[in-house]
Amino acid sequence: MAEHAGRRCCLGWDFSTQQVKVVAVDAELNVFYEDSVHFDRDLQEFGTQGGVHVHEDGLTVTSPVLMWVQALDIILEKMKASGFDFSQVLALSGAGQQHGSVYWKAGASQVLASLSPDLLLHEQLQPSRTLLRVPPSGISSWDVMPPGDAGKACFSISDCPVWMDSSTTAQCHQLEATVGGAQALSCLTGSRAYERFTGNQIAKLYQQNPEAYSHTERISLVSSFAASLFLGSHSPIDYSDGSGMNLLRIQDKVWSQACLGACAPHLEEKLGLPVPSCSVVGAISSYFVQRYGFPPGCKVVAFTGDNPASLAGMRLEEGDIAVSLGTSDTLFLWLQEPTPTLEGHIFCNPVDPQHYMALLCFKNGSLMREKIRDELASSSWSEFSKALQSTEIGNCGNLGFYFDVMEITPEIIGRHRFSAENHEVSAFPWDVEIRALIEGQFMAKKIHAEGLGYRVMPKTKILATGGASHNRDILQVLADVFGTPVYVIDTANSACVGSAYRAFHGLAAGTDVPFSEVVKLAPNPRLAAAPTPGASQVYEALLQRYAMLEQRILTQTRGPPE
Ligand SMILES: Nc1ncnc2c1ncn2[C@@H]1O[C@H](COP(=O)(O)OP(=O)(O)O)[C@@H](O)[C@H]1O
Ligand SMILES: O=C(CO)[C@@H](O)[C@H](O)COP(=O)(O)O
């Protein structure tokens, strides 16, 4: 029997851009099981790159909903085959890439509620195209088709818009105009209108495909979609991930009627009521009890966004900065009071209903680093690291901006390189290019965090997570640019770990036990990189130049600020 049998635990899931991941955490808060399914590698039939399809317009970016379902099937079957003892799972929760949306077709709730344990989820939620055929005469609905003949199609659209999509500029303008401008929308919902935010995506679907919209019984975020699979019914959207939609009033935590009305008709009924992030949304469905042996009382705690879940997983404290280096790079902070501006986002806090979190998202994160690694470092992270080790802090004044896709923070596209004399140059030597990329990415984070009002204090620590936090040389540059020590937790999957912690918190629901009390036994983060003496002085001047050059590029590409 596997060594992870018979340990009472909570599961934490993450439906992120490139993979589905799971961890099991025991009652002493030790992670004793981790697994993942990588979309590009393990589900090649969907033909994704980095977990997504970029459409011909270069702006529309989607992922197949069935790929996510199939990934869940695969991972659960792997766990079963490894002897994982599901009967010991007390509760589970999870996270999803933020902003992405799933459109459940009318009738889906019946299918979800009556899943056969003899079949995999994906076989029942959407018949494959080859299986689609007219029901034989005498059989009036797919519901009564015998098992194996595939159930009813559960989704109004099979390709879901995800956070990388930037095709909704027109809908963003409409929404801001309806509520009195960008700042007014930000004060209401925590963010000005952003293309990837779900309200604008829903508005686009309604305008371009009204039939699919009208056939939709429920709209989920990726997080609440994943929770729905475990629940066997539609799960509500939680406040924290719901803050990434341009629809939720972050102060009083109800849908804004003005925003709903600006996006699409009957939207409130399709979204359901939002709930506090620590809510128990129900017990696991009988499908999982019968097929995998979960206990019938296993609780499902509301799923949330991957960044909010990471905040929980890293046990972020006020004053700390979290830097997530996943597919996207994000930087986030714990906030007592919301201070919405025109840049960045304020979300409801996932672990403390009175508080908030601020977030900045950078689209050109790991995929941009991978591209430069493949172009210049023989596709090897260790070669990439050698360049960081062999070049000087400050890169002899050479600075670079690397945005192969339109960046979110700030809205710049293209590669722009500058010599120490601020002359634009067309190329750098390979190792200078690699340092310019990493220094530039972290200088942008520091400058834009300061724009949100953030100041590094003597006790500030950076908590790093996400795939690239495995790379010590990248973390050293992060420590040097910020002048702050960088810590990591034992797994780079902080969204999964945070989800498992949130599940434990859910078990204590109703007792008013604060999240910090539930996770007090969790292992402390460990130091991964300390600032190099003298680095702060070098970056002080460089940060000013980076900010000036960023403005210069912005002015060249979109004209002078209004
Ligand atoms: N040693 C490494 N150095 C730098 N980046 C790495 C390293 N290992 C993995 N990564 C990056 O991590 C990324 C995946 O991060 P992850 O947090 O798992 O993403 P997501 O949660 O969005 O699916 C990959 O795209 C890869 O570029
Ligand atoms: O859009 C955002 C945050 O606003 C992204 O951070 C997504 O939440 C994707 O997360 P990863 O898969 O990159 O972790």
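Everything numeric here is computed off the predicted structure, so don't read it as measured data.

What counts, and where the lines are drawn
- Residues numbered from 1 in each chain as written.
- Chains lettered and ligands numbered in written order.
- Predicted model: local features only at pLDDT ≥ 70, side-chain atom pairs only at ≥ 80, totals over all residues.
- Heavy atoms only, no water.
- Near = heavy atom within 4 Å.
- Polar contact = N/O pair within 3.5 Å; in protein donor to acceptor, adjacent residues only side chain to side chain.
- 1 Å grid on protein atoms, 1.4 Å probe; cavity = no way out; pocket = protein on both sides within 12 Å on 5 of 7 lines; lining within 4 Å.
- Sits in = over half its atoms within 2 Å of the grid points.
- Pairing = 2+ DSSP bridges.
- Helix = DSSP H or I, 4+ residues; strand = E, 2+ residues; numbered from the N terminus.
- Axes fitted to C-alpha atoms, helices over the stretch in contact; angles between N-to-C directions.
- Parallel < 35°, antiparallel > 145°, perpendicular 65-115°, else oblique.
- Left-handed = near helix turned anticlockwise from the far one by under 90°.
- Contact = heavy atoms within 4.5 Å.
- Points joined across faces, edges and corners; volume = space filled by probe spheres on them.
- Areas by Shrake-Rupley, 256 points an atom, 1.4 Å probe, with all protein chains shown as cover.
- Nonpolar A, V, L, I, M, F, W, Y, C, P; charged D, E, K, R; others polar.
- pLDDT = per-residue confidence, 0-100.
- Buried < 20%, exposed > 50% of the residue type's maximum accessible area, 1.4 Å probe, protein only.
- Lys, Arg positive; Asp, Glu negative; His and termini not counted.
- Salt bridge = Lys/Arg side-chain N within 4 Å of Asp/Glu carboxyl O.
- UniProt positions renumbered as here; feature names shortened; annotations may be inferred.
- Disulfide = S-S within 2.5 Å.

Asker: Where do I start with the site of ligand 1 in this structure?
Answerer: Ser16, Gln19, Lys21, Thr327 and Glu370 are the nearest of the 15 residues found near ligand 1. Within the side chain of glutamine 18, a nitrogen or oxygen atom sits 3.0 Å from an oxygen atom of ligand 1. Between an oxygen atom of ligand 1 and a side-chain N or O atom of glutamine 19, the distance comes to 2.9 Å. Applying the majority rule of atoms within 2 Å of the grid points places ligand 1 in the largest pocket.

Asker: Would you mind going over the sheet that holds strand β17 (residues 345-348) with me for this structure?
Answerer: Note on sheets: strands pair through backbone hydrogen bonds, and any given pair is parallel or antiparallel. With mixed pairing, seven strands are arranged side by side in an open sheet as β17-β18-β16-β15-β22-β23-β24. Since the sheet does not close on itself, it has two edges, and those belong to β17 and β24 (526-529), each with one partner. Averaged over all neighbouring strand pairs, the angle between strand axes comes to 35°, with direction disregarded. The pairing of strand β15 (residues 321-325) with strand β16 (residues 329-335) spans four bridges and is antiparallel. What sits directly across from serine 324, in β16, is threonine 330.

Asker: What's the story with the packing of helix α5 (residues 169-179) against helix α7 (residues 198-208) in this structure? I'm lost.
Answerer: Pairs of packed helices are described in terms of their axes, by the angle between the two and the distance that separates them. Running from N to C, α5 and α7 point in directions that differ by 110°, and their axes come no closer than 9 Å. As the angle between them shows, α5 and α7 are arranged roughly perpendicular. The crossing of α5 and α7 is right-handed. Together, Gln171, Cys172, Gln174 and Leu175 of α5 and Asn200, Ala203, Lys204 and Gln207 of α7 make up the contact between the two elements.

Asker: I would appreciate a short explanation of the layout of surface pockets in the present structure.
Answerer: The gaps left among the atoms become clear once a water-sized probe is rolled over them. Quantified by volume, the largest pocket comes out at close to 800 Å³. For the largest pocket, the lining is made up of 40 residues, of which Gln19, Gly326, Thr327, Gly466 and Gly467 are closest to its centre. Residue assignment for the lining of the largest pocket shows that the elements contributing at least two residues are β2 (19-26), β3 (31-38), α14 (306-313), β18 (356-362), α15 (366-376) and α19 (494-507). Counting residues per element, the lining of the largest pocket draws most heavily on α15, at four residues.

Asker: I would appreciate a short explanation of the site of ligand 2 in the present structure.
Answerer: The environment of ligand 2 is made up of 14 residues, and the closest members are Thr17, His99, Arg196, Asp306 and Ser328. In this structure, serine 328 approaches ligand 2 through a main-chain N or O atom, which is 2.7 Å from an oxygen atom. Notes on ligand 2: free accessible area 370 Å², of which the protein chains cover 96%. Among the cavities detected, the one that contains ligand 2 is the largest pocket. Contributions of two or more residues to the shell around ligand 2 are made by α14 and β18. Across the shell around ligand 2, the residue classes tally to three nonpolar, nine polar and two charged.

Asker: Quick question: what am I supposed to make of the confidence of the model for the chain here?
Answerer: Detailed reading of the predicted coordinates is not advisable wherever pLDDT is low. In this model, the chain carries a mean pLDDT of 93, and residues with pLDDT of at least 70 account for 94%. Counted against residues more than four places away or in other chains, residues 129-151, with its pLDDT under 50, gives 25 contacts. Interface confidence for the predicted complex, given as ipTM, is 0.99, next to a pTM of 0.94.

Asker: Can you help me understand unusual backbone geometry in this one?
Answerer: The general pattern is negative phi for most residues beyond glycine and trans for most peptide bonds. The residue after threonine 409, namely proline 410, is reached through a cis peptide bond having omega -10°. The residue proline 410 is located in the loop between β19 (399-403) and β20 (414-418) in this model. Here the phi dihedral of asparagine 246 falls at roughly 60°; this positive angle occurs in a residue that is not glycine. Structurally, the position occupied by asparagine 246 is in the loop between α10 (239-242) and β10 (248-249). Its relative accessible area of 0% is what places asparagine 246 among the buried residues. For serine 379, which is not glycine, the phi torsion reads 55° and is therefore positive.

Asker: Explain the side chain of aspartate 241 to me, please; I cannot follow it from the model alone.
Answerer: Here aspartate 241 lies in helix α10. Summary of buried charges: aspartate 241 has no salt-bridge partner, and the nearest side chain of opposite charge, arginine 502, is 9.5 Å away. Side-chain polar atoms of aspartate 241 contact the side chain of glutamine 98, separated by 3.0 Å.

Asker: I would appreciate a short explanation of the UniProt feature "domain: Carbohydrate kinase FGGY N-terminal" (unreviewed entry) in the chain in the present structure.
Answerer: In the numbering used here, UniProt assigns the "domain: Carbohydrate kinase FGGY N-terminal" (unreviewed entry) feature to residues 159-313. End-to-end, the C-alpha atoms of residues 159-313 are 30 Å apart, and along that stretch the chain is 49% helix and 14% strand.

Asker: Help me understand the state of the cysteines in this model?
Answerer: In protein chemistry, a disulfide is the covalent bond that joins the sulfur atoms of two cysteines. Counted by the stated rule, this structure contains zero disulfides. Cysteine 154 carries a free sulfur, and the closest cysteine sulfur to it, the one in cysteine 160, is 13 Å from it.

Asker: What exactly am I supposed to notice about the pairing of strand β6 (residues 89-96) here?
Answerer: Consecutive side chains of a regular strand alternate in pointing toward one face of the sheet and then the other. The buried fraction of β6 is high, at seven of eight residues. Two elements, strand β1 (residues 9-15) and β6, share seven bridges in a ladder whose sense is parallel. Looking at β6, one finds that tryptophan 13 is bridged to glycine 94. Of the strand pairs in this sheet, β6 and strand β13 (residues 299-301) are connected by two bridges, and their pairing is parallel. Its bridge partner being in β13, alanine 91 is matched across the sheet by lysine 299. Relative to strand β14 (residues 304-305), β6 runs parallel, the two being bridged by two bridges. Of the residues in β14, the one forming a bridge with alanine 95 is threonine 304.

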